[in-house]
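# Coordinates in review
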Amino acid sequence: MSEKWNITLKVSRQKEGETPHFDEYKMEVDPDEYVLDAVERVWAFMDRTVCFRHACHHSTCGACGMRVNNVEKLTCITSIRDMCQDGGTLKVEPLRNFPVISDLAVDMGSLYNRLEAVGARSVLPVPEAEIEKPASTWDPADQQYIRLADCIECGLCISACPSAATSSGYLGPAVLAGAQANGLKRNPELLQLVDAEDGVWRCHSAFECSAVCPSLVDPARRIMNLRTQVFTERFSRLFHKA
Amino acid sequence: MEKPSPDKFWTWFNPVGRETGGWAFILNRVTALGLTFYLYLHLVILSQLATGPQAYDQFVALMRNPISISAEVLVVAAGIMHGLNGIRIVLTTFGFGVTRQKQLFYGLMALALVIILFFTVRMFTA
């Protein structure tokens, strides 16, 4: 028989023109269920007006990113046990730094447009992917393969980033990580975009993006690497004028 | 609507749900503001001292007060923490210790504590 907890789910509610407020829903849950399961239960059995995004339920689509007890989480892989205790409260809010469409659903359009602007790829050739086995050890025959890129475009990094809170033009961690994966050597036209006020230099090293990333993309490390790429590219251009 | 805006600068100081890097970010901002305020205060006081020897003597007497020395210790502490935190940012920007940024922060802040203690003792016993 599975363990049962009684929890209170506090859901942030905000329809167009409304001031945000919380609605509370008391429910019995299995603590090993996921936070998304609890939100879905509200929608299915208690309040059909609760609006949220979800699709795959296995951390691939990146749709269900929310703030759970003040921390950015992919709710389909975040167990209730990890976030509260029996008799406790689970506070669920929309991601920060994106316009709220309704309740927990935010408009991710700016992220997708910027990912497109830097040519972020959803699949990578195997030799370019960061995997445990170094590319140099791959058999030449294996180099034809491609794999899904790690970033699932969930936006958690942008929500957690303090710099993104104050600058609407900031490309943001996921986008800069996408540019880094592309590389300035391969895409020199990206230099102007990332070597700018709202590019790599807007990052103020809070490393919150890497702390919340559910796919271990480690955007902060990639931003630092992109800065090195910018230095290298700028320095080499001093000696190779076009 | 939760759109990014410069008006939300106060969210930089919200420690809720932050990790080590976030704490370092907040510490850098708080110490920077403190040092900027001190610089302003310093210039104001310097301009007062120019009024004559009596003003100078009065100010020196005031600065020997334990409360004044405590305030000076705070300035020294802010300068040391801000400087060492800055070194961490420079190192990670150049690709050094990026994957060990937490340990780097804790290590540098431990060093800051030792230096601050040294200065505290020196300033109160001088």
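Refer to the structure printed above.
## Quick notes on the overall build of chain A
Looking only at helices and strands, chain A has nine helices and nine strands in total. For chain A, the C-alpha atoms occupy an extent of roughly 65 × 45 × 25 Å along the three principal directions. For chain A, contacts bridging at least 24 residues in sequence account for 61% of all contacts bridging at least 6. For chain A, the exposed area adds up to about 11,600 Å²; of that, 52% sits on carbon and sulfur atoms. In chain A, 26 side chains carry a positive charge and 33 a negative one; their mean positions are 5 Å apart.

## Observations concerning unusual backbone geometry
Residues and elements named next belong to chain A. With a phi close to 45 degrees, N69 is a non-glycine residue in the positive phi region. Among the secondary structure elements, N69 is positioned in the loop between β3 (65–68) and β4 (71–74). A positive phi angle, near 60 degrees, is found at F207, a position not held by glycine.

## Brief notes about the sheet that holds strand β5 (residues 89–93) of chain A
All names here are of chain A. Strand order in the open sheet made by the five strands is β2-β1-β5-β3-β4, with mixed pairing throughout. The open sheet has two free edges, formed respectively by β2 (21–29) and β4, since each of these has just one partner strand. For this sheet, the mean inter-axis angle between neighbouring strands, taken without regard to orientation, is 35 degrees. Bridging between strand β1 (residues 5–13) and β2 involves nine bridges; their strand directions are antiparallel. Across the sheet, residue L9 finds its bridge partner in β2, namely Y25. Those strands touched by helix α1 (residues 35–46) are β1, β2, β3 and β5, and its axis lies near 100 degrees from that of β2.

## Some remarks on the interface of chain A and chain B
Taken together, the contact between chain A and chain B spans 26 residues of the former and 26 residues of the latter. Approximately 2,400 Å² of surface area, both sides summed, lies buried where chain A meets chain B, with 60% of it carried by carbon and sulfur atoms. Of all residues in chain A, T166(A), F207(A) and E208(A) give up the largest surface area on contact with chain B, accounting jointly for 23% of the area buried on that side. At the junction of chain A and chain B, the tally comes to nine residue pairs in polar contact (both at pLDDT 80 or more). The set of elements that each furnish at least two residues to the side of chain A that touches chain B consists of α5 (162–166), α8 (208–212) and α9 (219–239) of chain A. Counting residues per element, the side of chain A that touches chain B draws most heavily on α9(A), which supplies five residues.

## Considerations on the packing of aromatic side chains
The geometry of two aromatic rings is summed up by the distance between their centres and the angle between their planes. For the coordinates displayed, the defined rule picks out six aromatic pairs over all chains. Relative to F231(A), the ring of W201(A) lies with its centre 5.7 Å away and its plane at 50 degrees, an arrangement referred to as tilted. Here W201(A), found in the loop between α7 (191–194) and α8, pairs with F231(A), found in helix α9; they are 30 residues apart in sequence, far enough to count as distant. Judged by relative accessible area, F231(A) falls into the partly exposed class, the value being 33%. Judged by centre distance (6.0 Å) and plane angle (55 degrees), the ring pair of F105(B) and Y106(B) falls under tilted. Its relative accessible area of 9% is what places F105(B) among the buried residues. A connected cluster of aromatic rings, assembled from ring pairs, spans W201(A), F231(A) and F94(B). The aromatic ring of F22(A) is capped on one face by K10(A), whose charged end is 5.0 Å from the ring centroid. Residue placement shows R29(B) over the ring face of F25(B); its charged tip is 3.8 Å from the ring centre.

## As for the pattern of salt bridges
Residue and element names in this part refer to chain A. Evaluated as defined, the whole model comprises 18 salt bridges over all chains. The partner of R41 in a salt bridge is E33, with the nearest N and O atoms 2.3 Å apart. Of the residues examined, E33 reaches a relative accessible area of 19% and is grouped as buried. Of the charged contacts, one joins R96 and E72 as a salt bridge, the two residues approaching to 2.8 Å between their closest N and O atoms. With R96 in the loop between β5 and β6 (100–102) and E72 in strand β4, this pair connects stretches of sequence that are 24 residues apart. Where salt bridges share partners, they join R13, K15, D23, D47 and D103 into one cluster.

What counts and what doesn't
Residue numbering note: each chain is counted from 1, following its sequence as written. Going through the entries in the order they are written, you letter the chains from A and number the ligands from 1. In keeping with the model being predicted, local features are shown solely for residues with a pLDDT of at least 70 and side-chain atom pairs are shown and tallied solely at 80 or more, while totals for entire chains, interfaces and linings include all residues. Derived side-chain values reflect all non-hydrogen atoms in the structure, with water molecules and hydrogen atoms excluded from consideration. Only runs of H or I of at least four residues qualify as helices and only runs of E of at least two qualify as strands under DSSP, and these elements are numbered from the N terminus. Here, two residues are considered to be in contact whenever any of their heavy atoms come within 4.5 Å of each other. Method for areas: the Shrake-Rupley scheme with a 1.4 Å probe, in which residue coverage is limited to the protein chains shown. The charged-residue count follows a simple rule in which Lys and Arg add positive charge and Asp and Glu add negative charge, with His and chain termini not counted at all. To locate a charge, take NZ of a lysine, CZ of an arginine, CG of an aspartate or CD of a glutamate. A pair of strands is considered paired only if DSSP assigns at least 2 bridges between the two. The angle between two axes is taken between their N-to-C directions and runs from 0 to 180 degrees, where each axis is a line fitted to C-alpha atoms and a helix contributes only its stretch in contact. We define buried area as the total accessible area lost by two parts upon association, computed with a 1.4 Å probe and summed across both. Between N or O atoms, a polar contact is any pair within 3.5 Å; within protein, one atom must be a potential hydrogen donor and the other a potential acceptor, and residues adjacent in sequence are included only when both atoms are from side chains. Aromatic rings from Phe, Tyr and Trp, with only the six-membered ring used for Trp, were paired whenever their centres fell within 6.5 Å, and each pair was classed as stacked if the ring planes differed by under 30 degrees, edge-to-face if by over 60, and tilted otherwise. For every residue, the accessible area (1.4 Å probe, protein chains only) is compared with the maximum for its type, and the residue is labelled buried under 20%, exposed over 50%, or partly exposed between those bounds. Note on geometry: a ring has a charge over it if NZ (lysine) or CZ (arginine) is within 6 Å of the ring centre and within 35 degrees of the ring normal. Every case where a carboxyl oxygen of Asp or Glu lies within 4 Å of a side-chain nitrogen of Lys or Arg is listed as a salt bridge.

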